[in-house]
Amino acid sequence: MKHIIILGDGMADHPVKRLGNKTLLQYAQTPYMDLLAKKGKTGRLITVPDGFYPGSEVANTAIMGYDLNQVYEGRGPLEAASIGYDMKPEDMAMRCNFIYIDNGKIITHNGGNLQTKDGDVLIKYLNQKLGNDHVLFMTGTQYRHLLVIKYGSKHLVCAPPHDHPDEAWRPLLIQPEKGWENVHEPIKGTDKTRMSAKETADLLNDLILKSQKLLAEHPYNLKRKAANERQANSIWPWGGGYHPKMKTLMQLYPEIKTGSVISAVDLIRGIGHYAGLDIIKVPGATGLANTNYEGKAQAAIDALKKQDFVYLHLEATDEAGHDGNLDLKIKAIQFLDHRIVEPIYKEVSTWTEPVCIAVLPDHPTPVEIRTHVKEAVPFLIWYPGIEPDQVSQYDEVSCVNGGYGLLRLDEFMNTFMSYK
């Protein structure tokens, strides 16, 4: 049996008064997710271990069956892997957002929906002005880029910008982690030590302030400002870590001989890289609601014809949640249903070799909160011949009564891969 996980990032939500106190999954028209729920089996999953922030890097890694206490190194190293940067022992890699600041507040975490070609220009500009033997800026995707600090400490308190919309940015500047302020951590395998956490935080905050001055003067932002449009007028580093140590999925699950990850997001590609999956990049995949759904669905079908396992990730629902855009998130959920789930289900249900399909989010990103929350998410599993439960709709409320009950962390992947 082959296996595919279809993941709608941040798709789960809370009841919304404007929708008659329904969640977005309850309100949206999702006939194919509902069909798979009715024909399959459902439940809820805790995707974030105790003591961890409910970020996509944590939740997706847990969904794949990894123990975060053993492998977690933050978001930066995963994105480094995705863009092809080979981390050295002395490196500390961080996600580096372009954000939009106005009147002393973080207005948006995405630099006004910055496009990759513009982000590339800006990140290269900053590397030219601020890069040196200890500081390296590298291009990622859209507003999501990479900052590497040579000999930097990962023991920092950072504020993911998507968690702080409309909040003052200065109180959110990077702080050293308590107890690590003046510690010079040894670098494994070398006779060298890292900067202290305080030295690293001071360096990063200085880069933030300098970036604001430089970006304000850049023609891209001057043009946007003149047009009264949101700008990419500050960097915001977070999610730092060292080179992670992860087994491949093939080592964890012998049933998987070959597999692929399909995503527009560097983070997910990075997880896939360390998991030993092929990274499939689909032309026109944007990570937004205008992504190439049909291309991603076809890429997943083509991969399943040749491989055992596919992890298909859609980011649009999460971005709409962070923007607080109710209508867009509903539309993105419906797009996922009829432009991803429908064609994949219709295709694989005709195959001689059965395919097991799972659909779930990694975490909720409620539109009225605009940030991730640490709550169980609904999931469904279907394959030809599975004994269904009594649930007939796929949503946060219905799946409470699902046959799987409440699973935790790697229990999902262990259950999913047990169907052979």
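Within an unreviewed UniProt entry, the label attached to the protein chain reads Cofactor-independent phosphoglycerate mutase, and the organism entered is Segatella cerevisiae. For the protein chain, the Function (unreviewed entry) comment in UniProt is given as "Catalyzes the interconversion of 2-phosphoglycerate and 3-phosphoglycerate." According to the UniProt record, the Catalytic activity (unreviewed entry) comment for the protein chain reads "(2R)-2-phosphoglycerate = (2R)-3-phosphoglycerate".

1. Overview of the pairing of strand 4 (residues 105-108)
The pairing of strand 3 (residues 91-102) with strand 4 spans 3 bridges and is antiparallel. Each residue of the ladder has a partner; that of I101, found in strand 4, is I106. Taken together, strand 3 and the strand that follows it, strand 4, pair antiparallel across an intervening segment of 2 residues, in which N103 is found at a positive phi of about 50°. Two strands pair when backbone bridges link them, and strand 4 and strand 8 (residues 167-168) are joined in this way by 2 bridges, in the antiparallel orientation. Paired with I106 across the strands is E167, a residue of strand 8.

2. Focus: the UniProt feature "domain: Metalloenzyme" (unreviewed entry) in the protein chain
UniProt feature "domain: Metalloenzyme" (unreviewed entry): in the numbering of this structure it lies at residues 1-395. Summarising residues 1-395: 34% helix, 21% strand, and an end-to-end C-alpha distance of 26 Å.

3. Overview of the sheet that holds strand 1 (residues 2-8)
Read across the sheet, 8 strands follow the order 12-11-13-1-14-15-2-16 without closing on themselves; strand pairing throughout is mixed. Two strands in the sheet have a free side with no partner beyond their single neighbour: strand 12 (278-280) and strand 16 (406-408). The sheet shows a mean angle of 25° between the axes of neighbouring strands, taken without regard to direction. Inspection of the sheet shows strand 11 (residues 259-262) paired to strand 13 (residues 309-314) by 4 bridges, in the parallel sense. Opposite S260, over in strand 13, you have V310 as the bridge partner.

4. Regarding the packing of aromatic side chains
Under the criterion given, the structure shown has 8 aromatic pairs. With 5.4 Å between their ring centres and 85° between their planes, F52 and Y72 make a pair best called edge-to-face. With F52 in the loop between strand 2 (41-46) and helix 3 (56-63) and Y72 in the loop between helix 4 (68-71) and helix 5 (75-82), this residue pair connects regions lying 20 residues apart in the sequence. A residue is classified by how much of its surface remains accessible, and F52, at 15% relative accessible area, is buried. In this structure an aromatic cluster arises from ring pairing among F379, Y404, F412 and F416. Sitting over the ring of Y404, K41 keeps its end group 4.7 Å from the ring centre. Between the NZ or CZ atom of R339 and the centre of the ring of F335, over which it lies, the distance is 4.7 Å.

Reading guide: rules and limits
Residues numbered from 1 in each chain as written. Predicted model: local features only at pLDDT ≥ 70, side-chain atom pairs only at ≥ 80, totals over all residues. Heavy atoms only, no water. UniProt positions renumbered as here; feature names shortened; annotations may be inferred. Pairing = 2+ DSSP bridges. Helix = DSSP H or I, 4+ residues; strand = E, 2+ residues; numbered from the N terminus. Axes fitted to C-alpha atoms, helices over the stretch in contact; angles between N-to-C directions. Phe/Tyr/Trp six-rings, centres within 6.5 Å; stacked < 30°, edge-to-face > 60°. Buried < 20%, exposed > 50% of the residue type's maximum accessible area, 1.4 Å probe, protein only. Lys NZ or Arg CZ within 6 Å of the ring centre and 35° of its normal.

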